[in-house]
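# Results of the structural survey
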Amino acid sequence: MLGQQDVGHRIVVRRIVGIREGRPLFSDALGELVELDETHLTLSTAHGPLRVPRDEVHRAKRVPPARRPTAAAVIELELAADEAWPAPTRERLGGWLLRAADGWTGRANSALPVGDPDRPLPAALDTVERWYAERGLTPLVNTPLPLATPVGAELDARGWSGRPPVLVQTAPLPLVTAASPTPPAPRGPGGSASIRLATAPAPEWLAVVGDRKAGLPDAARHVLTAVEQVRFAHAYADGELVGIGRGTVTGQGRWLGLTVIEVLPAARRQGLAGRIVRALGQWGAEAGATDAFLQVEQRNTAAVALYRRFGFTTHHTYLTRVPPH
């Protein structure tokens, strides 16, 4: 049976739709799993959303994507994402990227093994380990899948483990800007909030990020602000900041990247996150971007369901690999 780890992935469900002559009648449905709870699972299918009671499910499993992205497409998107979250310290290892930001976030403190490292794979990973050790950091390797499968196999042999899978999701920007993902918000901090976009984050915006990500060193400020085209969404209600978001345009102007979408607890479940996403989407479209991307942990099913309503689907996944202790 399916679990929360399958949310955001393509699945096939065989369900019981009736009984004829004492035998069950079955119907198959194919689509992306967008929600899974104790009583139902919801798929996004070619014919629209389909909500299936669990007690009608005879069999369900994950299936491969209808069309896997090419290696070139994965590399393009990974480099656009790197440009949108720029580590202040970076070096090339052939086609690979080595990145460091005083340990602030895994993405900014990991090797990105796309392309040819210009040396045998074991030697390349030895170099990665030395590079991070010289900076007093734990070596991390982000492995986009299936592109970096050979790297993953070598790390397996070295006893490296993996952090929870991350979905790299994309959507055509017109879908993001046109979406109405939630009904009109009820009255409350989220429903009454006004959203402003700025070229620099306010101190209270940075404070929310610092609380979320265990501090805000100088390297973090570089990661957040050192992008040529960037906007910071501030949602205020009664003079108080209740939600934030960040948008960047990278990848030669094609990609709007959505990061740090956060709504404070008192303002949640009122549609504010969706309003922040749409505001950043409209800015990205005005800046000339044609597509949007984001990165979300596979286990964050609430966020996956939200982004699916904007048209986001999984392009590929990645694992952050961690060495043994």
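Here goes a summary of the coordinates provided. (Residues numbered from 1 in each chain as written. Predicted model: local features only at pLDDT ≥ 70, side-chain atom pairs only at ≥ 80, totals over all residues. Heavy atoms only, no water.)

## A closer look at the overall build of the protein chain
Of regular secondary structure, the protein chain possesses 8 helices and 16 strands. A compact globule built from 325 residues should have a C-alpha radius of gyration of about 20 Å, and the protein chain, at 21 Å, falls within 12% of that. Projected onto its principal axes, the C-alpha positions of the protein chain cover 70 × 55 × 35 Å. Residues classed as buried in the protein chain amount to 49% of the 325 residues present. Partitioning the intrachain contacts of the protein chain with sequence separation of at least 6 by distance along the chain shows that 68% fall at a separation of at least 24. For the protein chain, the accessible surface area stands at approximately 15600 Å², while carbon and sulfur atoms represent 50% of it. Here the protein chain contributes 37 positive and 32 negative side-chain charges, whose respective centroids are spaced 5 Å apart. (Helix = DSSP H or I, 4+ residues; strand = E, 2+ residues; numbered from the N terminus. Rg over C-alpha atoms; globule rule 2.2 N^0.38 Å. Buried < 20%, exposed > 50% of the residue type's maximum accessible area, 1.4 Å probe, protein only. Contact = heavy atoms within 4.5 Å. Areas by Shrake-Rupley, 256 points an atom, 1.4 Å probe, with all protein chains shown as cover. Lys, Arg positive; Asp, Glu negative; His and termini not counted. Charge placed at Lys NZ, Arg CZ, Asp CG, Glu CD.)

## A few points about the side chain of T45
Here T45 is to be found in strand 3 (residues 40–45). A relative accessible area of 19% means that T45 is categorised as buried.

## Thoughts on the side chain of D82
With respect to the helices, strands and loops of the structure, D82 is situated in helix 1 (residues 71–84). A residue is classified by how much of its surface remains accessible, and D82, at 6% relative accessible area, is buried. In terms of polar contacts, D82 uses its side chain to reach the side chain of R99, at 3.0 Å. For D82, the residues in contact, after removing those within four places along its chain, are R90, L97, R99 and L112. (Polar contact = N/O pair within 3.5 Å; in protein donor to acceptor, adjacent residues only side chain to side chain.)

Take it as geometry only, folks, not as evidence of what the structure does.
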